[in-house]
Amino acid sequence: MTERARAEGRAGDWSGSWVAERLGVELAGDDGLTGLLGLALRRNPKRAHLLVSNVLGKHVPQSPSVVHGHGVALGRRVRDLLGAETAEHAVVLGYAETATGLGHSVADGLGAAPYLHSTRRPVAGVGSAGGFEESHSHATSHLLLPEDPALLAGDGPLVLVDDEFSTGNTVLNTVRALHERYPRKRYVVVALVDMRSPADAGRLEDFAREIGARVDLVTAASGTVRLPPGVLEKGQELVARYEAGGADADAGAGSGAGGAVGRVARVDLRWPDGVPDGGRHGFTAQHRERLENALPGMAARIADALPAGARRVLVLGFEELMYAPLRLADALERATDADVRYSTTTRSPVLAVDDPGYAIRTRLVFPAHDDPADGPGERYAYNVAGAGFDAVVAVVDSAADTPALHAPDGLLARLAAHAPHVLLAVVPSYVPNAPHAPERPSMLPEPLRGPDFSSYASDEVGWLLQDFSDVTLEAPTEEREEAIQSGGAHYAESLPVEYQPSEQYQELFHAALDASAARLARAVGAVTEIVLAERSPRPVLVSLARAGTPVGILMRRWAQYRHGLDLPHYAVSIVRGRGIDANALRWLADHHDPADVVFVDGWTGKGAITRELAAALRDFEVSDGVTGFNPEIAVLADPGSCVRTYGTRDDFLIPSACLNSTVSGLISRTVLRADLVGPDDFHGAKFYRELAGADLSPAFLDAVSAHYPDVTDTVHAQAKELLAADRTPTWEGWAAVERISEEYGIDDVNLVKPGVGETTRVMLRRVPWKVLARAGAGADLDHVRLLAEQRGVPVEEVDDLPYTCVGLIHPRYTRGATGADGKAVAL
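Residues numbered from 1 in each chain as written. Predicted model: local features only at pLDDT ≥ 70, side-chain atom pairs only at ≥ 80, totals over all residues. Heavy atoms only, no water.

Quick word on the sheet that holds strand E8 (residues 158–165)
Rules: For two strands to count as paired, DSSP must find a minimum of two bridges between them. Secondary structure is summarised from DSSP: a helix means a run of H or I of at least four residues, a strand means a run of E of at least two, and numbering begins at the N terminus for each. Here an axis means a line fitted to C-alpha atoms, over the contact stretch when the element is a helix, while the angle between two N-to-C directions is reported on a 0 to 180 degree scale. By definition, residues are in contact when any of their heavy atoms lie within 4.5 Å.
Judged by pairing direction, the sheet is mixed, and its 6 strands sit side by side in the order E1-E10-E9-E8-E4-E5 without closing on themselves. Of all the strands in the sheet, the pair left with one neighbour each is strand E1 (26–29) and strand E5 (115–117). For this sheet, the mean angle separating the axes of adjacent strands, direction not counted, is 25°. Running at roughly 160° to E8, helix H7 (residues 169–181) makes contact with strand E4 (91–94), E8 and strand E9 (186–194) of the sheet.

Below is the structure:
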């Protein structure tokens, strides 16, 4: 494709017809929908097709006034919806990378609204104000890094802007995460196109009722994508066939006509000091005013640097840096007679086919040049090669002006092979002043390992704890809880006496293990495969001691068995009301990339630890300036629907919940007490060496991992199904706990312990009041019934219980003792 007419396609060609004809994909909706969207095929295992916007300025070069105008028009519609007075208090949030420029343009249309966009680029010293996942994306983790955390803390409307509204998952994930921390009464979702299926159409209203807020939707057009059965597999086969056959019009290593190479020169923009390069850390009305005043001068400097007679010019932005290049292109379009177009580079891998009925005609391939947090990789510029541009103005931020940008295979060289003139304009990367981080301790001890600490092999887990084996910390359960209540002591300052199972109970444990080992192996395999596929190819497993530790070891064994990986694995302490061990986080950050850390637990109850971890990591980012830790826990079972990464959501007996230390490496639960744990110390735990004769920890692990060869095929199918499913947490368990708390007159939800695992814990080390069992629950509750009989606790059968069972703690001993802060309330 060398002529401009070929670049833009013949009149009447829809740039989605090629995909529609071959895959049977149908685009149905408003009359102008096909003018806004084309179709392409993506190299993505989660979604075959890609909706390619003709007015976004990402993949298809477009007039900058058209791109900016669409965003401004949407912003004005939002202003009209909210009313002028309410709109003055709105905050606009855009999504990286595709909608950063669109979101900023919407903020322009609103007027004085401050703007923030999510980012996939961690910034040293800048704490995160939140994060969320984009389930269908090729790169999922989003961070929110406002310079002023108060930007998200107001009670005015939050306007969320994305290029397309397809399933609603991304928006729901965002709103749920932000509403938990910064609740507000009104949200507005803005997108160029609403492409939800009928099944997804009602979810937004249901979600709004769930959180008690109003959620409006503003779009330029709406429709649906009709996908025939098997479209994902068929699309992947089509991509593989065209790439193997050379039909993929990859201009990455090619040269221009006749092998000519263009000239590369810099242009000094004289970007105004103190004006951010975009909305990564926030962009205010004052910033907007200063940028508007500076744009004509910067455009004039670009125009002066262009070669004489340049008639067709592309301003090419860089991944998340979309708005600054867009506005420069818009100003250049006004300042010259040239035909100015605008688009940006991208992370998204898309098949290119040189056909007028296909949205991605050519692609340039080049290495990432901004030292990305997730490591090196390919980046792309689409529909640039062969489009007849006389000059390309590449606009990057200073963090991306690296040797890789100027390398022989870098972006500038790729552009120079297809355009006679290339200009490089560098915008200073805006970095807020980093908050003062406290001085870290000079050295933290190495992890404790077996056999000196725990009965696990030394390579199976390293404990980021200190050894309290010689300290007397135990007290009878009733005395302990009465002491907590009367003195306001924290539950983590002492230990319950270790329950020693009767012979009958041990027989029940072995029977349960025999019955569930294969089921456990399937769940272990599935959650490990999800972690490897979505989180990191070489994760660092960090179990939440102690229930998470056996699961972390089993996940490590699966990765070794199935993939030959020798994954690091540690166990750390987390305490309700006091958070995760900050010194353990510091040790991990010093020895590993925080982005590779995956926190592991055994199961979810109502999700209290899930919330505790997220809050603790937010606080750690602010206090230490260390970013990258992902708060999403990976669990074996998620009956409470609190997390996205799990092996199953069934509530069944996990035999490691049946016992205490004798199935957890002979390690106690963790201890945090001021006279034992200093500010530079790890939390502590005890190693019960004297219980070695009753230890079942290795036997439990071996029984489960022995089934790995038998379940490999099943795990593959289960993991594939889970990866394709909508795993958005519904927090169904939390709602059930609140309902039970009200029905049984318990004014503290922390006294309601849902699920087989949590109920077992109540029976073993708390003062149980009663057990609620789902009608018809079978062998999974045999051990609970036995414990209830031994302790004289009634078991009530209940209909419509989302869990197999729920344990209720006796309010007489624990009222307030296990409240949100973990402390008692003096009577």
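Examining the pattern of salt bridges
So the rule is basically this: Criterion for a salt bridge: a side-chain nitrogen of Lys or Arg within 4 Å of a carboxyl oxygen of Asp or Glu.
This model, assessed by the stated rule, comprises 36 salt bridges. In this structure, Arg557 engages Glu460 in a salt bridge whose closest nitrogen and oxygen atoms are separated by 2.8 Å. Residue Arg557 is found in helix H17 (residues 548–563), and its partner Glu460 is found in the loop between strand E17 (421–427) and strand E18 (462–463); the two are separated by 97 residues along the sequence. Salt bridges sharing partners connect three or more residues here, namely Asp108, Arg288, Glu292 and Arg327.

Some thoughts on the sheet that holds strand E32 (residues 795–798)
The sheet built from 4 strands is open, its strands ordered E30-E33-E31-E32 with mixed pairing. Every other strand in the sheet has two partners, leaving strand E30 (752–754) and E32 as the edge strands with one partner each. Across the sheet, the mean angle from the axis of one strand to that of its neighbour is 25°, orientation sign disregarded. Direction of pairing for strand E31 (residues 768–774) relative to strand E33 (residues 805–809): antiparallel, over a ladder of 5 bridges. Note that in E33 the partner of Leu772 across the bridge is Val806. The sheet contacts of helix H22 (residues 732–743) involve E30, E31 and E33, and relative to E30 the element is tilted by about 140°.

Some remarks on the confidence of the model for the protein chain
The cut-off we apply is this: Known as pLDDT, the predictor's per-residue confidence is scaled from 0 to 100.
Per-residue confidence for the protein chain gives a mean pLDDT of 85, with 88% of residues at or over 70. In this model, residues 480–489 is a region of pLDDT below 50 whose contacts with residues beyond four sequence positions or in other chains number 27 contacts. Within the model, pLDDT remains below 50 along residues 814–827, and this stretch shows 42 contacts once partners closer than five positions in the same chain are excluded.

Quick word on the side chain of Asp638
For Asp638, the position within the fold is in the loop between strand E27 (634–637) and strand E28 (645–648). With residues up to four places along the chain from it excluded, the contact list for Asp638 reads Thr604, Val643, Tyr646, Thr648 and Arg649.

Notes on unusual backbone geometry
Cis geometry marks the peptide bond from Ala96 to Glu97, where omega comes out at -10°. Turning to its location among the elements, Glu97 is positioned in the loop between E4 and helix H6 (100–110). We note that Asp371 has phi near 50°; this positive angle belongs to a residue other than glycine. A positive phi is found at Asn383, a non-glycine position, where the angle reads about 60°. Position of Asn383 among the secondary structure elements: in the loop between strand E15 (378–382) and strand E16 (391–397).

What about the nonpolar core?
The nonpolar side chains of a soluble globular protein tend to be buried with one another. Spelled out, the test is: In this description, a nonpolar core means a group of buried Ala, Val, Leu, Ile, Met, Phe, Trp, Tyr and Cys residues linked to one another through side-chain atoms lying within 4.5 Å. Between buried and exposed lies partly exposed: a residue is buried under 20% and exposed over 50% of the maximum accessible area for its type, with that area taken using a 1.4 Å probe on protein chains only.
Ranked by size, the top nonpolar core spans 135 residues in total, and within it Leu41, Val159, Val190, Tyr358, Val393 and Leu415 carry the most contacts. Among all residues touching Leu415, those that are not within four sequence positions of it are Leu316, Leu364, Val384, Val392, Ala394 and Val422. In terms of nonpolar packing, the next biggest core, distinct from the first, is built from 75 residues, Tyr708, Val711, Ala777 and Leu787 among them.

Comments concerning the pairing of E27
Heads up, the condition is: A clockwise course of the path from the first strand over the helix to the second, judged with the strands pointing away from the viewer, identifies a crossover as right-handed.
Bridge count between strand E26 (residues 597–603) and E27: 3 bridges; the pairing is parallel. Residue Val600 lies in a different strand from E27, and its bridge partner there is Ala634. At this point the chain moves from E26, through helix H19 (residues 608–624), to the parallel E27, and the crossover so formed is right-handed.

Describing the side chain of Asp194
What counts here: The definition of a polar contact used here is a pair of N or O atoms within 3.5 Å, where within protein one atom must be able to donate a hydrogen and the other to accept one, and adjacent residues in sequence count solely through side-chain atom pairs.
Within the secondary structure layout, Asp194 lies in strand E9. Given a relative accessible area of 11%, Asp194 falls into the buried group. A distance of 3.0 Å separates a polar atom in the side chain of Asp194 from a polar atom in the side chain of Arg196. With sequence-adjacent residues up to four places away left out, Asp194 is seen in contact with Phe165, Leu217, Thr219, Ala221, Ser222 and Gly223.

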